[in-house]
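Topology and contacts: notes
Chain residues, written in single-letter form:
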There are 2 protein chains.
Amino acid sequence: MGEFDLIRRFFTRPATRAVLGVGDDCALLQPAAGMQLAISTDMLVEGRHFLSTVDPFKLGHKALAVNLSDLAACGARPLAFTLALALPRADEAWLEPFSRGLLALADAHGCELVGGDTTQGPLNICITVFGEVPRGQALLRSGARAGDDLYVSGTLGDARLALEVFRGTLSAPAEVFEQARARMEQPTPRVALGQALRGVATAAVDISDGLLGDLGHILQASGVGARVDTSVAMNLIASNNRATWTSAAFSSEKWLELVLSGGDDYELAFTAPASARAAVQVASVQAQTRVTRIGCIEAETGLHLVDAQGQAMPHRYASFDHFA
Amino acid sequence: MGEFDLIRRFFTRPATRAVLGVGDDCALLQPAAGMQLAISTDMLVEGRHFLSTVDPFKLGHKALAVNLSDLAACGARPLAFTLALALPRADEAWLEPFSRGLLALADAHGCELVGGDTTQGPLNICITVFGEVPRGQALLRSGARAGDDLYVSGTLGDARLALEVFRGTLSAPAEVFEQARARMEQPTPRVALGQALRGVATAAVDISDGLLGDLGHILQASGVGARVDTSVAMNLIASNNRATWTSAAFSSEKWLELVLSGGDDYELAFTAPASARAAVQVASVQAQTRVTRIGCIEAETGLHLVDAQGQAMPHRYASFDHFA
């Protein structure tokens, strides 16, 4: 199977939303009047972002999911994406399920594959995604204001829990592990929630490197600080897991670390004025996505962790850094 | 140096054309009214697309040049690009010249770096580029018609000549090698020519995998054939090189192979009606880019090579295929 056969067999489908899709030097998009184009790119490398043993179907899902998560954080509606793929060899047994997983998630979000590139090389998946957002309505990192509430969508920490089990540093009952593994291998981008939060949230970011690290981007861009209630945050790890786990020799500090700096969550952290609490709940219901208020934004810069009694706690959680 | 320092130091500059540049979950572009967005992505892998010994400044240039070449083939004006980069380590001595070479070419074309991703991994450079083209005016591969002239811009084969010298299968006098090496390491995307050919050319493609292979894309998409005059094509290799080289034990068939299937040229192959010959010359002068008429489009499908006497020649030139 040559390069062009490979593209034809696994990655070419008729364009319905794009003016021109796969098969020319460029794809052509025609954004609707009044819309801005939101663009994000993510590169996934074997051994860094996924294990070599991962099911290719799930990897196809994840490769697009992490990009859709960036669109979600901007409140953009997915339109299209490009796929650049370096492969050690043209292996149909890998390409077929990979493309199925990729395109299944793409279809679920009406996000069209419009172009790409394939080459021989160490496995590397680079997707660039395009969404549209009404002019001036994108959710940015820079809009948080002192007094805003701080929220997180879904659950946090489960992906990291699974990774630690893979690494052998933790063990877990099979059903707990499988649930956490699904979070790691097939994250759910919060695309509907991001769009529902337009005009409601003041700032948003997607959580890929851990809550505290990514929240730090909002604080830095907005020139503010935040207080996070750890007694609430701690329950963000899928709670039925946690109940199962109380028998394990697992300190609450370890739980908190999974939640606060676990990474690979692809949830949204966002801020909204206290006056918008009802609107946030409406967005949550509309998007069928749980949101939890975990703290607030403060004028004083810095990130402050407090316990159930409001007492300051030490903060020694690192964010993921590819070169640290 | 951590991931975010690296981005800040080498890849962050204020956005002037984009609504929002590097530093949020997404970049935001606002295409002008009536414009379509042309999008292309190319992934460069060490050992496949460049040698590990290449000067990082030149590699930065080439990584963007091969993408701008795709915009050129569509007649699009460059606007912006994203850069995803996998690096074995955060090496300033590499990053500094790489980013300089990349951004120098970007500045020369008014093409703004609006976002990206960095990760640890085997060296891999994935750029996605965005251009604009008036609605309906993009040059496509599918517009060639029987009777059209067939043209090529610039020179062909020199990049492959340099590669063969690197591989030790050919040798060359130093000044010839350096000239060919510059073509291999710092190709010139024909951006001005592509735009000047809007409304003149009927089809275009950029030549990355060799003239015959990429011309094949036009023929397939347009449902036509072509005749190529090899006595003209043969002179497309930088002619002063060729004069120097007549002393080398180099068959004319070898020269022809470099020209017809060398690859890595990043010139444009395009078609235009015979009635547009003057307009093609005007475009060539406007863009200060030489164009050569090398044959014509025929209704009968297939690619036919002819010699100076118009006699059919055997065609046994392969196109580059990453998985063949």
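Residues numbered from 1 in each chain as written. Chains lettered and ligands numbered in written order. Predicted model: local features only at pLDDT ≥ 70, side-chain atom pairs only at ≥ 80, totals over all residues. Heavy atoms only, no water.

Once that is clear, we can look at the pattern of salt bridges. Under the defined criterion, the tally for this structure stands at 36 salt bridges over all chains. Among the charged side chains, a network of salt bridges with common partners joins A:Lys58, A:Glu178, A:Arg181 and A:Glu185. (Salt bridge = Lys/Arg side-chain N within 4 Å of Asp/Glu carboxyl O.)

So, on to the domain arrangement of chain A. A common way to state how big an interface is: give the accessible area lost once the parts meet. All names here are of chain A. Taken as a whole, chain A is organised into domain 1 (3-134) and domain 2 (141-313). On the side of domain 2, 17 residues touch domain 1, which itself brings 21 residues to the contact. Summed over both sides, the interface between domain 1 and domain 2 buries roughly 1700 Å², with carbon and sulfur atoms accounting for 61% of that surface. Our enumeration of links across domain 1 and domain 2 arrives at 2 salt bridges. Residue Lys58 pairs with Glu185 through a salt bridge whose shortest N-O separation is 3.6 Å. Only helix 2 (56-74), strand 3 (77-87) and strand 5 (124-134) provide two or more residues apiece to the side of domain 1 that touches domain 2. Here the side of domain 1 that touches domain 2 takes 11 residues from helix 2, the largest share from any one element. The residue makeup of the side of domain 1 that touches domain 2, split by class, is 12 nonpolar, 4 polar and 5 charged. (Domains from an automatic or database assignment. Contact = heavy atoms within 4.5 Å. Buried area = accessible area lost by both parts, 1.4 Å probe. Helix = DSSP H or I, 4+ residues; strand = E, 2+ residues; numbered from the N terminus. Nonpolar A, V, L, I, M, F, W, Y, C, P; charged D, E, K, R; others polar.)

In the structure shown here, the tally under the stated rule is 11 aromatic pairs over all chains. Between A:Phe10 and A:Phe11, the aromatic rings sit 6.5 Å apart at their centres with planes inclined by 65 degrees, giving edge-to-face as the arrangement. Each member of the pair, A:Phe10 as well as A:Phe11, carries the same accessibility label: buried. Note on B:Trp94 and B:Phe98: the rings are 4.6 Å apart at their centroids and 15 degrees apart in plane angle, and the pair reads as stacked. Of this pair, B:Trp94 and B:Phe98 both sit in helix 3 (residues 92-108), separated by 4 residues, roughly a single helical turn. According to the relative accessible area criterion, B:Trp94 is buried, its value standing at 16%. Taken together, the ring pairs in this structure connect A:Phe10, A:Phe11, A:Trp94 and A:Phe98 into an aromatic cluster. (Phe/Tyr/Trp six-rings, centres within 6.5 Å; stacked < 30°, edge-to-face > 60°. Buried < 20%, exposed > 50% of the residue type's maximum accessible area, 1.4 Å probe, protein only.)

Along the chain, B:Gln36 turns up in strand 2 (residues 35-45). Side-chain polar atoms of B:Gln36 contact the backbone nitrogen of B:Gly136, separated by 3.4 Å. Apart from the residues lying within four places of it in its own chain, the contact partners of B:Gln36 are A:Val19, A:Leu28, A:Leu29, A:Gln30, B:Gly131, B:Glu132, B:Val133, B:Arg135 and B:Gly136. (Polar contact = N/O pair within 3.5 Å; in protein donor to acceptor, adjacent residues only side chain to side chain.)

On to the relation of the copies chain B and chain A, then. Mapping chain B onto chain A calls for a screw motion: a turn of 180 degrees about the axis and a shift of 0.0 Å along it, with 0.0 Å RMSD after fitting. Taken together, the rotation angle and the small translation identify this as a two-fold axis. A share of 100% of interface residues in chain B that are also interface residues in chain A marks the association as one of identical surfaces. (Least-squares fit on C-alpha atoms with pLDDT ≥ 70 in both.)

Here the focus is the environment of B:Arg8. Residues and elements named next belong to chain B. Tracing the backbone through its elements, the reader meets Arg8 in helix 1 (residues 3-11). Taking relative accessible area as the criterion, Arg8 reaches 47% and is therefore assigned partly exposed. Among the polar contacts listed, one links the side chain of Arg8 to the side chain of Asp5, at a separation of 2.8 Å.

Looking now at the UniProt feature "binding site: substrate" (unreviewed entry) in chain A. All names here are of chain A. The positions that UniProt labels "binding site: substrate" (unreviewed entry) are, in the present scheme, His49, Asp264 and Phe320. Mapped onto the elements, Asp264 comes out in the loop between helix 10 (252-261) and strand 9 (267-272). Ignoring anything within four residues of it in the chain, the contact list for Asp264 reads Lys62, Ala159, Arg183, Met184, Ile207 and Ser208. (UniProt positions renumbered as here; feature names shortened; annotations may be inferred.)

So, about the interface of chain B and chain A. Counting residues at the interface gives 68 residues for chain B, matched by 68 residues for chain A. Taken together, both faces of the contact between chain B and chain A bury some 5200 Å²; the carbon and sulfur share is 60%. Remark: the boundary between chain B and chain A carries 4 salt bridges. A salt bridge links B:Arg141 to A:Asp24, with the shortest nitrogen-to-oxygen separation between them at 3.9 Å. Put simply, chain B and chain A have 22 residue pairs in polar contact (both at pLDDT 80 or more) between them. By residue number, the principal contributor to the side of chain B that touches chain A is strand 2 of chain B, which donates 10 residues. Class assignment for the residues of the side of chain B that touches chain A results in 36 nonpolar, 18 polar and 14 charged. Bridging between strand 2 (residues 35-45) of chain A and strand 1 (residues 27-29) of chain B involves 3 bridges; their strand directions are antiparallel. Bridge assignment links A:Ile39 to a residue of strand 1 of chain B, and that residue is B:Ala27. (Pairing = 2+ DSSP bridges.)

Turning next to the pairing of strand 6 (residues 149-153) of chain B. Residues and elements named next belong to chain B. For strand 6, a buried count of 5 out of 5 residues is recorded, marking the element as mostly surrounded by other parts of the structure. Residues Asp149, Tyr151 and Ser153 line one face of strand 6 and the alternating positions Leu150 and Val152 line the opposite face, and both faces are buried. For strand 6 and strand 9 (residues 267-272), the ladder comprises 4 bridges, and the chain directions are antiparallel. Pairing of Val152 across the sheet is with Ala269, part of strand 9. Of the pairings in the sheet, the one linking strand 6 to strand 10 (residues 291-298) comprises 5 bridges and is antiparallel in character. Residue pairing in the sheet places Ser153 in a bridge with Val291 of strand 10.

As a further point, take the sheet that holds strand 2 of chain B. The mixed open sheet is built from 5 strands, whose spatial order is 1(A)-2(B)-5(B)-3(B)-4(B). Of all strands in the sheet, those with a lone pairing partner are strand 1 (27-29) of chain A together with strand 4 (112-120) of chain B, marking the two edges. Each strand of the sheet is rotated relative to its neighbour by a mean of 20 degrees, with strand direction disregarded. Of the strands in this sheet, strand 3 (77-87), strand 4 and strand 5 (124-134) of chain B are in contact with helix 3 of chain B, which crosses strand 3 of chain B at around 165 degrees. (Axes fitted to C-alpha atoms, helices over the stretch in contact; angles between N-to-C directions.)

Another point: the sheet that holds strand 11 (residues 302-306) of chain B. Residue and element names in this part refer to chain B. Across the sheet, which stays open at both edges, the 7 strands sit in the order 7-9-6-10-8-11-12 with mixed pairing between neighbours. If you trace the sheet from one side to the other, it starts and ends with strand 7 (203-207) and strand 12 (312-313), each paired once. Inspection of the sheet shows strand 8 (residues 225-229) paired to strand 11 by 5 bridges, in the parallel sense. Residue Gly225 lies in a different strand from strand 11, and its bridge partner there is Gly302. Sheet contacts for helix 7 (residues 211-222): strand 6, strand 7, strand 8, strand 9, strand 10 and strand 11; angle to strand 7, the most-contacted strand, approximately 155 degrees.

Quick look at the UniProt feature "binding site: Mg(2+) 4" (unreviewed entry) in chain A now. Following the UniProt record, the feature "binding site: Mg(2+) 4" (unreviewed entry) maps to A:Asp25, A:Ser40 and A:Asp70 here. Across 46 residues in sequence, these annotated residues place their C-alpha atoms as far as 26.2 Å from one another, rather than forming a single compact spot. With respect to the helices and strands, the residue A:Asp25 is situated in the loop between helix 1 (3-11) and strand 1. Here B:Arg141 takes part through its side chain, which lies 3.2 Å from a polar atom of the side chain of A:Asp25. With respect to the element layout, A:Asp70 can be found in helix 2. Accessibility expressed as a relative area gives 8% for A:Asp70, which makes it buried. Filtering out sequence-adjacent residues up to four positions away, A:Asp70 remains in contact with A:Ser40, A:Asp42, A:Asp206, B:Asp25 and B:Cys26.

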